[in-house]
Amino acid sequence: MAVGATMYTFAVQLADVDRGVYEDLSVRVARHPSETDAFMFTRVLAYCLEYEEGIAFSEGVSATDEPAVLVRDLTGALVAWIEVGAPDAARLHTGSMQAERTRVYTHRDPAKVAAPWAGKRIHRGDEILLHSFDPGFVDAATAVLERRNTMTVSITERRIYLDLNATSFETDVHTQPAA
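So, here is what we can say about the structure in this document. (Residues numbered from 1 in each chain as written. Predicted model: local features only at pLDDT ≥ 70, side-chain atom pairs only at ≥ 80, totals over all residues. Heavy atoms only, no water.)

## Comments concerning the side chain of Thr171
And then number 1: With respect to the helices, strands and loops of the structure, Thr171 is situated in strand 10 (residues 167-177).
And then number 2: Its relative accessible area of 0% is what places Thr171 among the buried residues.
And then number 3: A polar contact of 2.8 Å, which involves the side chain of Thr171, links it to the backbone nitrogen of Asp134.
And then number 4: The contact partners of Thr171, leaving out residues within four places of it in the chain, are Phe133, Asp134, Phe137, Arg158, Arg159 and Ile160. (Helix = DSSP H or I, 4+ residues; strand = E, 2+ residues; numbered from the N terminus. Buried < 20%, exposed > 50% of the residue type's maximum accessible area, 1.4 Å probe, protein only. Polar contact = N/O pair within 3.5 Å; in protein donor to acceptor, adjacent residues only side chain to side chain. Contact = heavy atoms within 4.5 Å.)

## Things to note about the environment of Leu14
And then number 1: Following the sequence through the fold, Leu14 ends up in strand 1 (residues 6-16).
And then number 2: Accessibility expressed as a relative area gives 3% for Leu14, which makes it buried.
And then number 3: Each C-alpha atom, one on Leu14 and one on Gly76, is 25 Å from the other, the two residues being 62 residues apart in sequence.
And then number 4: Setting aside residues up to four positions removed in sequence, Leu14 forms contacts with Val21, Tyr22, Glu23, Leu25, Cys48, Tyr51, Val153 and Ile155.

## Here's the deal with the pairing of strand 1
And then number 1: Across 11 bridges, the pairing between strand 1 and strand 2 (residues 21-31) is antiparallel. Across the sheet, Phe10 pairs through a bridge with Val27, a residue of strand 2.
And then number 2: Connecting the antiparallel pair strand 1 and strand 2 is a turn made up of four residues, with Gly20 showing a positive phi of about 70°.
And then number 3: Here strand 1 runs beside strand 8 (residues 148-156); their pairing, made up of eight bridges, is parallel. (Pairing = 2+ DSSP bridges.)

## A look at the nonpolar core
And then number 1: One finds Phe10, Phe41, Met151 and Leu162 to be the most contacted residues of the largest nonpolar core, which totals 41 residues.
And then number 2: Top element by residues in this core is helix 1 (residues 37-49). It accounts for nine residues.
And then number 3: Dropping the residues within four chain positions of it, Met151 is found in contact with Phe10, Ala11, Val12, Gln13, Phe41, Val44, Cys48, Leu162, Asp163 and Leu164.
And then number 4: Residues Val104, Ile122, Leu130 and Ala178 belong to the second largest nonpolar core, which totals 10 residues. (Core = buried A, V, L, I, M, F, W, Y, C linked by side-chain atoms within 4.5 Å.)

## Quick look at the pattern of salt bridges
And then number 1: The final tally for this structure, using the stated rule, is 10 salt bridges.
And then number 2: Taking the shortest distance from any N to any O, the salt bridge between Asp16 and Arg19 comes out at 2.8 Å.
And then number 3: Overall, Asp16 belongs to the buried group, its relative accessible area being 0%.
And then number 4: Two residues, Arg72 and Glu66, come together in a salt bridge whose shortest N-O distance is 3.8 Å.
And then number 5: Take Arg72: its relative accessible area is 33%, and that puts it in the partly exposed class.
And then number 6: Assessed through its relative accessible area of 22%, Glu66 is described here as partly exposed.
And then number 7: Through salt bridges with shared partners, a single network forms among Glu50, Glu52 and Arg101. (Salt bridge = Lys/Arg side-chain N within 4 Å of Asp/Glu carboxyl O.)

## Some remarks on the side chain of Arg43
And then number 1: Residue position: Arg43 is located in helix 1.
And then number 2: A polar atom in the side chain of Arg43 sits 2.9 Å from the backbone oxygen of Ala30.
And then number 3: Sequence-distant contacts of Arg43, defined by excluding residues within four places in its chain, comprise Val29, Ala30, Arg31, Glu35, Phe57, Ala68, Val69 and Val84.

In short, the description is geometric, and any link to function would need to be established separately.
Next up, the structure:
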């Protein structure tokens, strides 16, 4: 018998001073058995850092034609294509053609994530941004993950102050062009 997804919940207090976004969120995330805690938690961070009206998680690994996180406007048009991990150049090309903006959030070494994109055809590749965190940040945070989580995320000057289940973490958000 196949093992199903594991549900995680996050009660999030979000204060993104950089963008003027202040929200209390209830986030439910399905972690597929083939997905690591680090990947799943990076999806949650991407959701918080990109939060706006119309944001949603895709159907997950079974949704091959959608990114990990997406934003749609009130008409249903795709506004943002937000990938997590190490997507290939073809996915970025597709996302950039379909959405106004394309972003990548990774818990891996950003130089190794971006290296395979070099020389590949990526629509508006110079507009795609790759975001990463300080080494060890995501791994340290996932060590305190539970099925039900309380999380405070404060962002100021692209620095994240995270309180996850009464444990504090900090990191800079490192941003570089994908191409």
